[in-house]
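Architecture and fold: a report
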Amino acid sequence: GPPGIVIVKSSNTKGSGRSSLATKLSQRYGFVHVSTAQLLADQAANKTDIGLACIPLIAQGDSGIIFVNEAKDLVPDDIIGALVANRIKQPDCQI
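Conventions we followed
- Residues numbered from 1 in each chain as written.
- Predicted model: local features only at pLDDT ≥ 70, side-chain atom pairs only at ≥ 80, totals over all residues.
- Heavy atoms only, no water.
- Helix = DSSP H or I, 4+ residues; strand = E, 2+ residues; numbered from the N terminus.
- Contact = heavy atoms within 4.5 Å.
- Buried < 20%, exposed > 50% of the residue type's maximum accessible area, 1.4 Å probe, protein only.
- Polar contact = N/O pair within 3.5 Å; in protein donor to acceptor, adjacent residues only side chain to side chain.
- Axes fitted to C-alpha atoms, helices over the stretch in contact; angles between N-to-C directions.
- Parallel < 35°, antiparallel > 145°, perpendicular 65-115°, else oblique.
- Nonpolar A, V, L, I, M, F, W, Y, C, P; charged D, E, K, R; others polar.
- Salt bridge = Lys/Arg side-chain N within 4 Å of Asp/Glu carboxyl O.
- Core = buried A, V, L, I, M, F, W, Y, C linked by side-chain atoms within 4.5 Å.
- pLDDT = per-residue confidence, 0-100.

1. Brief notes about the side chain of Ser26
You can see Ser26 is positioned in helix H1 (residues 18–29). If we skip the residues at most four places from it in the chain, Ser26 touches Phe31 and His33.

Right, dumping it as structure tokens:
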């Protein structure tokens, strides 16, 4: 049967290779890589209500990666939670 749900949470400093590791794991084991930074970047790029509300809280680095602004303001947990909840409802995340 299907392998079930596996959740791997990675946190470390900017530039530590989290995304590279997640990409390698997803390719090797078939995981879906869900990046909150990418979810925020997509929302901002698509100018959604959430994206527009979060633009003051996020900044774009040279590599195109979204990170918390210099004031260290965080995107509220309820917004991140809603973005992740919506993402994992997509067909590629279903088992």
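2. What to know about the environment of Ser35
Structurally, Ser35 can be placed in the loop between H1 and helix H2 (36–45). Residue classification places Ser35 among the partly exposed residues on the basis of a relative accessible area of 23%. Taking the C-alpha atoms as reference points, Ser35 and Ser10, 25 residues apart in sequence, are found 9.9 Å from one another. Of note is the side chain of Ser35, whose polar atom sits 3.1 Å from the backbone nitrogen of Gln38.

3. Focus: the packing of H2 against helix H4 (residues 77–87)
Remark: H2 packs on H4, axes separated minimally by 10 Å, with the N-to-C direction vectors making an angle of 95 degrees. Here H2 is positioned roughly perpendicular relative to H4, judged by the angle of their axes. Facing Thr36, Leu39, Leu40 and Gln43 of H2, the residues of H4 in contact are Ile80, Leu83, Val84 and Arg87. Looking at side-chain class alone, the contact of H2 with H4 contains five nonpolar, two polar and one charged residues.

4. What to know about the pattern of salt bridges
Under the defined criterion, the tally for this structure stands at one salt bridge. One salt bridge connects Arg87 with Asp92, and the closest N-O pair in it is separated by 2.7 Å.

5. Notes on the nonpolar core
Among the nonpolar cores identified, the biggest contains five residues, and these are Leu39, Leu40, Cys54, Val75 and Leu83. Once residues lying within four places of it in the same chain are set aside, the contact partners of Leu39 are Val34, Leu83, Val84 and Arg87.

6. Let's talk about the confidence of the model for the protein
Averaged over every residue, the pLDDT of the protein is 75; residues scoring 70 or more account for 69%. By mean pLDDT, strand S2 (residues 66–68) is the weakest element of the protein at 51, and H4 is the strongest at 86.

7. Overview of H2
Listed in full, the buried residues belonging to H2 are Leu39, Leu40, Ala41, Gln43 and Ala44. Between the side-chain oxygen of the N-cap and the backbone nitrogen of Gln38 there are 3.1 Å, and the N-cap of H2 in question is Ser35. Taken from the residues just after H2, Lys47 is the one with a positive phi, measuring 55 degrees.

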